[in-house]
Amino acid sequence: MDHRRVLGVDGCKQGWIGIAVAAGQFAHAYFATQIDELVRLAAMDGELEVVAVDMPIGLPDRGRRQADVLARRAVGARWPSVFMTPTRAALEADDYLTAATINQELAGEGISRQAFALKGKLLQVDRWVGQTSRRVVEVHPEVCFARLAGAPLPNRKTTWAGAEHRRTLLEGAGLRLPHDLGTAGTMAGVDDVLDATVAAWTAHRVATGHAHSMPSPPQTFTDGIACAIWV
């Protein structure tokens, strides 16, 4: 039996939720306000072979990341769920208007307010990835679910039909979520839990050598971080 233990991570309103999978099945749910603390908590219960995070890893100097372009193609009608990652200089700006102006100069396009609102979490992950020795990969839940289903999903994750479809897909993959997730279940939304779980599904695929990166090989910017979305 495959006993690998992995962690899928998704950002939620109050911080981060993590779903640990061991031997291909749900193991535990975690919550923390900082990503390094979340991973530390999960690792206390057993070593983690791969951590898969739903957040851009590798920030572009200019232009679009190939990973984002390929991810949009992979999810069909769900393409609006994949935002174009702002350039590093734009994310380091103090306010949205300045960031949009910088990104227009470096990438030929502005940035969405939604993307800029993720600045804190984006830079938090960026700092953590630069410090950790763990194997960390970037994932996008909609890309993961499309791979799990064999086709892009028809309904948004925030709808009842979309949530139920995603839950059914996870259960079909052996990932049945318990009714009580403890603190994680009270702090994270339904879509956050589902996203973290499918991230863990992909983390297990990475650990077992069944996943591939988009692009392949990964793109690299001046930060030296391998930039790709794994599926």
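Above this text is the structure in question.
The model shown is predicted, which means the values in this text are computed figures rather than measured ones.

J.: Help me understand the overall build of the protein in this model?
T.: Helix and strand counts for the protein come out as ten helices and seven strands. For 231 residues, the compact-globule estimate of 2.2 N^0.38 gives 17 Å, and the protein sits close to it at 17 Å. The principal-axis extents of the C-alpha atoms in the protein amount to approximately 50 × 35 × 35 Å. Nonlocal contacts in the protein, meaning residues at least 24 apart in sequence, comprise 62% of its contacts between residues at least 6 apart. In the form shown here, the protein has an accessible surface area of approximately 10600 Å², with 50% of it arising from carbon and sulfur atoms. Averaging the locations of the 24 positively and 25 negatively charged side chains of the protein gives two centres separated by 4 Å.

J.: When you look at the packing of aromatic side chains in this model, what are you seeing that I'm missing?
T.: The geometry of an aromatic ring pair is captured by two quantities: the separation of the ring centres and the angle between the planes. This structure, assessed with the given rule, holds one aromatic pair. On the numbers, 5.9 Å between centres and 65° between planes, the contact of tyrosine 96 with phenylalanine 116 is edge-to-face. In this pair, tyrosine 96 sits in helix 4 (residues 96-107) while phenylalanine 116 sits in helix 5 (residues 113-117), placing the two residues 20 residues apart along the sequence. Judged by relative accessible area, which is 19%, tyrosine 96 ranks as buried. In this structure, lysine 121 packs its charged tip against the face of tryptophan 16, placed 5.6 Å from the ring centre. Sitting over the ring of tryptophan 230, arginine 135 keeps its end group 5.7 Å from the ring centre.

J.: How should I be thinking about helix 2 (residues 66-74) in this particular structure?
T.: The periodicity of an α-helix, 3.6 residues per turn, causes residues three or four places apart in sequence to face the same way. For helix 2, the full list of buried residues reads Ala67, Asp68 and Ala71. Within helix 2, the buried residues cover an arc of 95° as seen down the axis, which keeps them to one side. Check the buried side of helix 2 and you find it contacts helix 7 (141-149), strand 6 (213-220) and strand 7 (226-230). At the C-terminal side of helix 2, glycine 76 shows a positive phi close to 55°.

J.: When you look at the side chain of arginine 5 in this model, what are you seeing that I'm missing?
T.: Here arginine 5 lies in strand 1 (residues 5-12). It is aspartate 45 that comes nearest to the buried, bridge-free arginine 5 among opposite-charge side chains, at 4.4 Å.

J.: It is not clear to me how the pattern of salt bridges should be interpreted in this structure. Could you clarify?
T.: A side chain of one charge can pair with a side chain of the opposite charge if their charged atoms are brought near each other. This model, assessed by the stated rule, comprises twelve salt bridges. With a shortest N-O distance of 2.9 Å, glutamate 109 and arginine 64 are connected by a salt bridge. Of this pair, glutamate 109 sits in the loop between helix 4 and helix 5 while arginine 64 sits in the loop between strand 4 (50-53) and helix 2, placing them 45 residues apart in sequence. The exposure class assigned to arginine 64 is partly exposed, which follows from its relative accessible area of 42%. For glutamate 138, the salt bridge goes to arginine 65, with nearest N and O atoms at 2.6 Å.

J.: In this structure, what is going on with the state of the cysteines? I would like to understand it.
T.: Simply put, disulfide is the name for a covalent bond between the sulfur atoms of two cysteines. A full pass over the atoms with the stated rule returns zero disulfides. The thiol of cysteine 144 is unpaired, and the distance to the nearest cysteine sulfur, on cysteine 227, comes to 15 Å. Cysteine 144 sits in the buried class, given a relative accessible area of 0%. You can call cysteine 227 buried: its relative accessible area is 0%.

J.: I would appreciate a short explanation of the nonpolar core in the present structure.
T.: Nonpolar side chains in soluble globular proteins tend to be buried together. Of all hydrophobic cores here, the largest spans 36 residues; its most connected members are Ile17, Val50, Val137, Phe145, Leu148, Leu170 and Val198. Elements supplying a minimum of two residues to this core: strand 1, strand 2 (15-22), strand 3 (25-32), strand 4, helix 7, helix 8 (160-172), helix 10 (190-207) and strand 7. Residues within four places of valine 50 in sequence aside, it is in contact with Arg5, Val6, Leu7, Arg135, Val137, Ala203, Val206 and Ala207. If you look at the next biggest cluster of nonpolar residues, it comprises 25 residues, including Ile35, Val51, Ile57 and Leu59.

About the cut-offs
- Residues numbered from 1 in each chain as written.
- Predicted model: local features only at pLDDT ≥ 70, side-chain atom pairs only at ≥ 80, totals over all residues.
- Heavy atoms only, no water.
- Helix = DSSP H or I, 4+ residues; strand = E, 2+ residues; numbered from the N terminus.
- Rg over C-alpha atoms; globule rule 2.2 N^0.38 Å.
- Contact = heavy atoms within 4.5 Å.
- Areas by Shrake-Rupley, 256 points an atom, 1.4 Å probe, with all protein chains shown as cover.
- Lys, Arg positive; Asp, Glu negative; His and termini not counted.
- Charge placed at Lys NZ, Arg CZ, Asp CG, Glu CD.
- Phe/Tyr/Trp six-rings, centres within 6.5 Å; stacked < 30°, edge-to-face > 60°.
- Buried < 20%, exposed > 50% of the residue type's maximum accessible area, 1.4 Å probe, protein only.
- Lys NZ or Arg CZ within 6 Å of the ring centre and 35° of its normal.
- Arc of directions from axis to C-beta.
- Salt bridge = Lys/Arg side-chain N within 4 Å of Asp/Glu carboxyl O.
- Disulfide = S-S within 2.5 Å.
- Core = buried A, V, L, I, M, F, W, Y, C linked by side-chain atoms within 4.5 Å.

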